[in-house]
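Observations on the three-dimensional arrangement
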Amino acid sequence: LRPEAFLDRGGCGACTVMVSKRDPTSQEIRHFSVTTCLVPICSLYGAAVTTVEGVGSMKTRLHPVQERIAKSHGTQCGFCTPGMVMSMYTLLRNHPQPSEEQLLEALGGNLCRCTGYRPILASGKTFCLESNGCQQKGTGKCCLDLGENDSSSLGRKSDVSPFALSSPQEYHLTPTRMTENPEKRTLTFHGERVTWISPGTFKDLLELKAKHPEAPLILGNTSLGPAMRSKGCLHPILLSPARISELNVVSKTNDGLTIGAGCSLAQVKDILAERVSELPEEKTQTYRALLKHLKSLASQQIRNMASLGGHIISRHSYSDLNPILAVGNATLNLTSEEGTRRIPLSEHFLAGLASADLKPEEILESVYIPHSQKWEFVSAFRQAQCQQNALPDVNAGMRVLFKEGTDIIEDLSITYGGVGAATVSAHKSCQQLLGRQWDELMLDEACRRLLDEVSLPGWAPGGRVEFKRTLVVSFFFKFYLQVLQELKKLIKPFPVPVSALNSRRYPEISDRFLSALEDFPGTVPQGVQRYQSVDSHQPLQDPVGRPVMHLSGLKHATGEAEFCDDIPMVDKELCMALVTSTRAYAKIISIDLSEALEIPGVVDVITAKDIPGTNGTEDDKLLAVDEVLCVGQIIFAVVAETDVQAKRAIEKIKITYEELEPIIFTIKDAIKHNSFLCPEKKLEQGNIEEAFEKVDQIVEGEVHVGGQEHFYMETQRVLVIPKTEDKELDIYVSTQDPAHVQKTVSSTLNIPINRITCHVKRVGGGFGGKIGRPAVFGAIAAVGALKTGHPIRLVLDREDDMLITGGRHPLFGKYKVGFMNNGRIKALDIECFINGGCTLDDSELVTEFLILKLENAYKIRNLRFRGRACLTNLPSNTAFRGFGFPQGTLVTESCITAVAAKCGLPPEKIREKNMYRTVDKTIYKQAFNPESLIRCWNECLDASSFHNRRKQVEEFNKKNYWKKRGIAVIPMKFSVGFAATSYHQAAALVHIYTDGSVLVTHGGNELGQGIHTKMLQVASRELKIPMSHLHICETSTAMVPNTIATAASVGADINGKAVQNACQILLKRLEPIIKKNPEGTWEEWIEAAFEQRISLSATGYFRGYKAFMDWEKGEGDPFPYYVYGAACSEVEIDCLTGAHKKIRTDIVMDACCSLNPAIDIGQIEGAFIQGMGLYTTEELKYSPEGVLYSRGPDEYKIPTISDVPEEFNVSLLPSSQTPLTIYSSKGLGESGMFLGSSVFFAITDAVAAARKERDIAEDFTVKSPATPEWVRMACADRFTEMVWNYCLFS
Ligand SMILES: Cc1cc2nc3c(=O)[nH]c(=O)nc-3n(C[C@H](O)[C@H](O)[C@H](O)COP(=O)(O)OP(=O)(O)OC[C@H]3O[C@@H](n4cnc5c(N)ncnc54)[C@H](O)[C@@H]3O)c2cc1C
Ligand code: FES
């Protein structure tokens, strides 16, 4: 149970549990998943709650869901896993053999940042009857339960006996203990500031509402909860009608359906589905439209909690249901002590007009939705940043009624959401179109009128005004075509020609245009993973090269894996919360802490003055002094008894600022003001100017790549425990670099490093974001601990984490490329600028890596690469998986696409023509052999049947005007490691105890990437003992000192070498004993060694790969080796909305001899999906004042399970070798990230096809992420033109 991931947001699913409640009407027990962060504890009266701990445990027995997710390699960091388990468990509770679609729906609200979802889905599919997830389908058993596919049996027999499922009932492990039909008396719970009243009867509810008209009714709390948090509003009294059966009544009549306002949206979905199956199609138009949106509205958990009444009354401008209910002429049944009345769910109600609204003492009892009728059509439209779990940008409900037997409009209603402060009705336009025929003339007029009437203000929620306007008319066009189709069907059965329907006016829709009609259906991803089995001669005990399950997999799945904040509260512990700047660049004039210090429970406020040692560096202070450089800079920290008190105190602190100038946010502004963090980095080869003179053509262009939030599921957190003696401190911290935390705390407190011990058990995702920043939080918390003498816990909530920590550097690139008409590139000049934010951090290093890696897979004789890091007033950007490569190489690949367009050749031809072919030297003169690169490329072309599919894509595009497909294959040469030998050193400490058990400690941190699993595989091979004899407890600076950050893809390489070294030392010492008693057991040898006073502890050391770079000369050997790969992706775009679906991705990666193919494929898939997020959906939004808007999962969209390509295949390149690394394996932590760009280039390929058909220039400015907004606006057509004309002339 992880409620701390996103307090009060409900957007990530990490805190999912199952609630079992008696339905107030049917009295049946309903089991449903909820996100606990939104569930008020009082609402659980009379309910049973099942958490992951209640499902199964390592101590008792595992539930198959837990076992299978772990054994399918569906856990990496494991932070999301309990939520995943609970979503699946609840599904099985209700549907023991679910369909794959139900599985996809159940997991749609659970985010995972590590795995890429495929293995999680694979584990769930083993429960689906129709799935091919397990060969033993239909038997109720699975090979994963039986140990056949049990990677843990490789010397590490699970201590837990999996239980076989003999009947579906066995899923039902938990007792259903809940109060039987609680009495009808009113229950009151008094809190410190809020009173919760839950009446038992409808009469009591009405009485209470009359007595407390200002008190809101609280149902799902999915609207109230987030509002109370974000707007800070407090309701002293809350009325909970959860036990009132009258609010859950459903009644069916001949003309419509009445649904109780208390029904959850999930129930509404079931009710509507049932009605649709019972009634003729013509009567269920509105119900079908509602059902369509109910599938994509929020997540399963939110739909389980949110009520119909709460949804309607909240009147969110983005509401997905209100526009349809409004056009469907729904009415609201209101009740109060005075009696009942009915009001229409009209535009006036939606606009909140008092005359059309509820009275304060009234409640919404139920909603009446009439049937539709013949000659009436209702449709719903919606476009969001991604398909699932995302609020809509714009949505709409549209209804038309024709005069019977004609195409004359008798009634028309259109409403839009997301285009103003409330749901907007286009009432005037609709009135003016009455009596018109449903033809092209009407369409044109309607579009013009709609643009006039739905005139989005410049401040429309979320901006994107032109895009939204375009959707307004594009949706209507879709509606027009849909209705036209339906009319055609209706007309056919008429025996005599209907006078009003003459065929001249009644246009045939060409097949090419029909593509406007279909939405992308949610498809369950499939795929194959291929890797090489180990040599048949390899001893069974030797786990190297085998797909061993993540060591913590089962503990992740049972919730027993302990993360930093799971450490129980320690004696006298205090909480810390951070006070950050609200200004981008300003002088601090005054600070008033007086009110904050008066808040009960507040202990102290920590300022820069409290720091006994150094306050960071001159340019990068831990706590601001006098001046702030960005919104989100830490100024001081409040220490209180509880987290809530600390946060309340923050609200009371008053800081006055004086703005300074110039304030710079963008790269463009930084260039204008010459505002840079470090000198330019440059590499040059050949004679670029001369080459430009000799080429056939030159193209110049620009590329914009947005930044990216790490979005590790476990936010930054630290627990500092001061000891009573010698200023010693124990620090438990979620970090990729504990030695850096230790060093920073030492200099901040001015105490020697040897007094500070940092412990890292496991990290809930890092991706580069936990290299530098944890030291800042550790040091501030340590100052608090030193000053107060208490242990201090500092846990950032998601909003603060996103605000403070920075992420991937946004990039602006300019290129000039010279080439021959056959596509051979002769000269390439790229200049990149990255937005470094307000401090240097890793920006200089990122710039260097960016420049070093820009050439990617291409041999171009004349090159010039330049890069600069801009100094701006944004939070400092930092390391992120790929370290500049994913942004920079997008520029290079965009050049290739631009060259292809100019040469009239497909981009893959240009790629092939310019790729390294033979042993060669890079731009920085490092020699390498590209053989594996070429093999990956060819294998990828083969595996994906690229050339055939390219033809099919072209065929599809010829046949479809409004949908276009695109396909792209991208090669990759990715260099791993740091450009300095000292950064490749690693150490390990291996102890053998007298019972033969072995404790391995090394310098790497477990971030989810499975480093501990791999290290035990290494130790097992070296010591020739099963993995069950080996254990890793944690990473600790006391066990292995002076470690390097676990980063740059080399963690397992270098620590593996150190572990190998330590084990070899130990085995050498044991050799004489083994020789003497070769038939002895491991335990006997160890006993003998102890008797003979042989040390059973050894330190292993790896001095590092040779690596250096001389920037003066532009030469070096900066990287130990390269990882090669290629990815092919195919997508389909909807030119009218900008949505896309990913049809297929094939990846071939050169892992050489993988230490653990399951873990490595997990890294490739996870990185690929994260890369796909970078290039398609993840968009950081700032206010004009530099405040980050996108500070949670609702505004910042990382990929969800429904974003996985429909077919997703990954293969490891067979029989590739590298002599340099441990057992010839390669580090794959980062490289897959860039391959996500194959989706981006497939999208741009589709956009180019649309533009070509519409005769618009094919070279367009490349902008990542390719969001629906970008795609829609790039696919310019008559509707975008209408919008531009409208903007010009209005
Ligand atoms: C993560 C997340 C994602 C979401 N995604 C979407 C989305 O994609 N599309 C979309 O349209 N919406 C979305 N929503 C919004 C969601 O649909 C609404 O929050 C929800 O429907 C509100 O219902 P509730 O029962 O939780 O209301 P509550 O929060 O319990 O109450 C909301 C308001 O309604 C009033 N109220 C409730 N019932 C009654 C009644 N019977 N009579 C009078 N007043 C009443 C309350 O007084 C209160 O003011 C999302 C919400 C979350 C948290
Ligand atoms: S394993 Fe899912 S977030 Fe890490």
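Residues numbered from 1 in each chain as written. Chains lettered and ligands numbered in written order. Predicted model: local features only at pLDDT ≥ 70, side-chain atom pairs only at ≥ 80, totals over all residues. Heavy atoms only, no water.

Considerations on the overall build of the protein
Keep this limit in mind: Runs of H or I in DSSP of at least four residues are treated as helices and runs of E of at least two as strands, each being numbered from the N terminus. Using C-alpha atoms as the atom set, the radius of gyration is obtained and then compared with a globule rule of 2.2 Å times the number of residues to the power 0.38. Only protein chains enter the accessibility calculation, which uses a 1.4 Å probe; a residue is then buried when its area is under 20% of its type maximum, exposed when over 50%, and partly exposed in between. We call two residues contacting when some pair of their heavy atoms lies within 4.5 Å. Areas reported as accessible are Shrake-Rupley estimates using a 1.4 Å probe. Residue values count occlusion only from the protein chains shown.
Summing up its helical and strand segments, the protein has 38 helices and 45 strands in all. In terms of C-alpha radius of gyration, the protein reaches 31 Å, essentially the compact-globule figure of 33 Å for 1290 residues. Across its three principal axes, the protein shows a C-alpha extent of roughly 100 × 85 × 70 Å. A burial count over the protein gives 63% of its 1290 residues as buried. The contacts of the protein with a sequence gap of at least 6 include a subset with a gap of at least 24, amounting to 78%. When the accessible surface of the protein is totalled, it reaches about 46900 Å², and 51% of it is carbon and sulfur.

A word on the packing of helix 23 (residues 738-749) against helix 24 (residues 773-788)
Stated precisely, the cut-off is as follows: Between the N-to-C directions of two axes lies an angle of 0 to 180 degrees, each axis being a line fitted to C-alpha atoms and, for a helix, fitted only over the stretch in contact. What sets the label is the angle itself: under 35 degrees gives roughly parallel, over 145 gives roughly antiparallel, 65 to 115 gives roughly perpendicular, and the rest give oblique. A crossing counts as left-handed when the near helix is turned anticlockwise from the far one by less than a right angle, and as right-handed when that turn is clockwise. Residue polarity is assigned by list, with Asp, Glu, Lys and Arg as charged and Ala, Val, Leu, Ile, Met, Phe, Trp, Tyr, Cys and Pro as nonpolar; anything else, Gly included, falls into the polar class.
Direction vectors running N to C along helix 23 and helix 24 enclose 40 degrees, while the axes themselves pass 8 Å from each other. When the axes of helix 23 and helix 24 are compared, the pair comes out oblique. Read as a crossing pair, helix 23 and helix 24 show a hand that is right-handed. Seen from helix 23, the contacting residues are H740, V741, T744, V745, T748 and L749; seen from helix 24, they are P774, A775, G778, A779, A782, V783 and L786. Of the residues belonging to the contact of helix 23 with helix 24, the class tally is 9 nonpolar, 4 polar and no charged.

A short note on the UniProt feature "binding site: substrate" (unreviewed entry) in the protein
The condition is simple: UniProt positions are given in the numbering used here, feature names are shortened, and annotations may be inferred rather than shown by experiment.
The positions UniProt marks with the feature "binding site: substrate" (unreviewed entry) are F883. Take F883: it is sitting in the loop between strand 31 (862-871) and helix 27 (885-903). Classification of F883 as buried rests on a relative accessible area of 14%. Not counting residues within four places of it along the chain, the set of residues in contact with F883 comprises R808, D842, L845, V846, F849, L850 and E1230.

Digging into the sheet that holds strand 37 (residues 1030-1031)
Pairing between the strands of a sheet comes from backbone hydrogen bonds, and it takes one of two forms, parallel or antiparallel. Put simply, the rule is: A pair of strands is treated as paired once DSSP finds two or more bridges between them.
Reading across from one edge, 37-36-35-39 is the order of the 4 strands in this open sheet, with mixed pairing throughout. One side of each edge strand has no neighbouring strand; the edge strands of this open sheet are strand 37 and strand 39 (1097-1102). Summarising the sheet, strand 36 (residues 998-1002) and strand 37 pair through 2 bridges and their orientation is parallel. Of the residues in strand 37, the one forming a bridge with L999 is H1031.

So, the packing of helix 27 against helix 36 (residues 1237-1253)
At a minimum axis separation of 12 Å, helix 27 and helix 36 run at an interaxial angle of 30 degrees. As far as their axial angle goes, helix 36 and helix 27 are roughly parallel. Where helix 27 crosses over helix 36, the two elements pack in a sense that is right-handed. Across the interface between the two elements, L890, E893, S894 and T897 of helix 27 pack against S1237, F1240 and F1241 of helix 36. Class assignment of the residues belonging to the contact of helix 27 with helix 36 gives a composition of 3 nonpolar, 3 polar and 1 charged.

Comments concerning the sheet that holds strand 6 (residues 237-239)
The strand order across the open sheet formed by 3 strands is 4-5-6, and the pairing between neighbours is mixed. Edge positions in the open sheet fall to strand 4 (187-190) and strand 6, since each of these has one partner strand only. Adjacent strand axes in the sheet meet at a mean angle of 15 degrees, parallel and antiparallel pairs treated alike. Taken together, the 4 bridges between strand 4 and strand 5 (residues 195-198) define a ladder with antiparallel strand orientation. Looking at strand 5, one finds that L187 is bridged to S198.

Remarks on the pairing of strand 1 (residues 16-22)
In terms of residue burial, strand 1 counts as a mostly covered element, since 5 of its 7 residues are buried. Bridge count between strand 1 and strand 2 (residues 29-35): 7 bridges; the pairing is antiparallel. When the sheet's bridge partners are listed, T16 is paired in strand 2 with T35. Where strand 1 hands over to strand 2, the hairpin turn is made up of 6 residues, of which Q27 adopts a positive phi near 65 degrees. Summarising the sheet, strand 1 and strand 3 (residues 48-50) pair through 3 bridges and their orientation is antiparallel. Across the sheet, residue M18 finds its bridge partner in strand 3, namely T50.

Let's talk about the site of ligand 1
Rules: One heavy atom suffices: a residue is near a molecule or strand as soon as one of its heavy atoms comes within 4 Å of it. Polar contacts here mean pairs of N or O atoms no more than 3.5 Å apart (in protein, one a potential hydrogen donor and the other a potential acceptor; neighbouring residues in sequence count only if both atoms are side-chain atoms).
Taken together, 33 residues surround ligand 1, and among them L219, T222, L224, S307 and D320 come closest. Residue G220 places a main-chain N or O atom 2.9 Å away from an oxygen atom belonging to ligand 1. For ligand 1, whose free accessible area comes to 990 Å², the fraction covered by protein is 92%. Looking at the shell around ligand 1, the elements that each hand over two or more residues are helix 12 (308-314) and strand 11 (363-370). With 5 residues, the single largest contributor to the shell around ligand 1 is helix 12. Class assignment for the residues of the shell around ligand 1 results in 19 nonpolar, 11 polar and 3 charged.

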